[in-house]
Amino acid sequence: MTIFALKGSLEEITPTQLSEQTCSAVFITDSAHAEETLRTANITYEGVISLRDVVFCKIESQPFCLAGTLSIPKLLDIKGSRHRIQFFIDNKNMVIIDDEEFSLRLVQRIQRSRHNQGESREHFIYNFFSEFMLRDTELLAEHEQKLMELEENVNDGKTDDFLETITPIRKELLILRSYYDEIMDLGRELEEENGFFEKKQKKYFGTISDRADRLMGRTVHLLEYATQVRDAYQSHVNAQQNKNMEFLTVISTIFFPLTLITGWYGMNFQNMPELREGYPGVIALSIIVVIVCIIFFKRKKML
């Protein structure tokens, strides 16, 4: 269990020093020590604590506290496992339960990078959410760059492994869209909560919702862009198929007269003078037909 006193800066304190503090505090612990930490923080929670059951970002009001969960995609493996966090907030303190020490690393980053690290629970929550969404803009920019490269490849006729490349991108964007939507709803619910936060401090939650809304808007734009790139790829494939069919049709048209000629002279009529010495004539006629057809289709730009 790690305890941080909210004094404008995040000051790590011991459980012994906690009794001497009058300010709010943030407790970070794992699920094995969750109940003990809640008792130390004087937070009463009547539900079950299980990080394995965390699948969404949400928050709900309990009689004595707010109980929330965070399911945060890992930026290096968006389609894989997630950071799973439970948190509890009462009128004074906040408890964060995390088995991977992800939350502790976020707090340490806040300590290193922010001058005003959290003078209140509301401000700390804002900093905490902002920290784990910090690189999302960069991630979306990388996805946009990949889509632009795919579009250029399609325009240049380089469509090898196109579907294998764009399909994971679309899946990741769909996951991120749902995730940002959950964060946006969570921020709004925090902003509308009346029992545990000061009214003048709720502006921080509105900022969280706005940031998630902007990220979701950009994600939706990238999904639309990915659809346009797929449509361009499909148009290219259809054009290539039409070109192949046109070529096959021309070849079939050229050899159709030859089939007619061979069928005609293969009937072996008794009174046809060509039957005795007709091979040179048939060969010459076939060559003439092929040459005429090729010239015709060349002029029509079909060959």
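Residues numbered from 1 in each chain as written. Predicted model: local features only at pLDDT ≥ 70, side-chain atom pairs only at ≥ 80, totals over all residues. Heavy atoms only, no water.

A.B. asks: Looking at this model, I keep getting lost on the environment of I295. Mind explaining?
C.D. replies: Among the secondary structure elements, I295 is positioned in helix 9 (residues 279-299). Separated by 156 residues in the primary sequence, I295 and L139 have C-alpha atoms spaced 56 Å apart. (Helix = DSSP H or I, 4+ residues; strand = E, 2+ residues; numbered from the N terminus.)

A.B. asks: Even after reading the chapter, I still don't get helix 3 (residues 102-113), so can you show me in this structure?
C.D. replies: Each full turn of the α-helix corresponds to 3.6 residues, which orients residues three or four apart in the same direction. Taking 1.5 Å of rise per residue, 12 residues should cover 16 Å, and helix 3 covers 16 Å from first to last C-alpha, within 8% of that figure. Within the span of helix 3, buried status applies to F102, S103, L104, L106, V107 and I110. (Expected span 1.5 Å × (residues − 1). Buried < 20%, exposed > 50% of the residue type's maximum accessible area, 1.4 Å probe, protein only.)

A.B. asks: What am I meant to see in the pattern of salt bridges here?
C.D. replies: Pairs may arise between side chains of opposite charge once their charged atoms sit close together. Following the criterion strictly, the structure yields 6 salt bridges and no others. The salt bridge involving E100 is made with K74; its shortest N-O contact spans 4.0 Å. With E100 in the loop between strand 7 (94-97) and helix 3 and K74 in strand 5 (residues 66-74), this pair connects stretches of sequence that are 26 residues apart. On the accessibility criterion, E100 (35% relative accessible area) is partly exposed. Look at K74 and you get partly exposed, because its relative accessible area is 23%. Between E131 and R109 there is a salt bridge, with its nearest N and O atoms 3.3 Å apart. With E131 in helix 4 (residues 121-132) and R109 in helix 3, this pair connects stretches of sequence that are 22 residues apart. Residue E131 is classed as buried on the basis of its relative accessible area, which comes to 4%. Taking relative accessible area as the criterion, R109 reaches 28% and is therefore assigned partly exposed. (Salt bridge = Lys/Arg side-chain N within 4 Å of Asp/Glu carboxyl O.)

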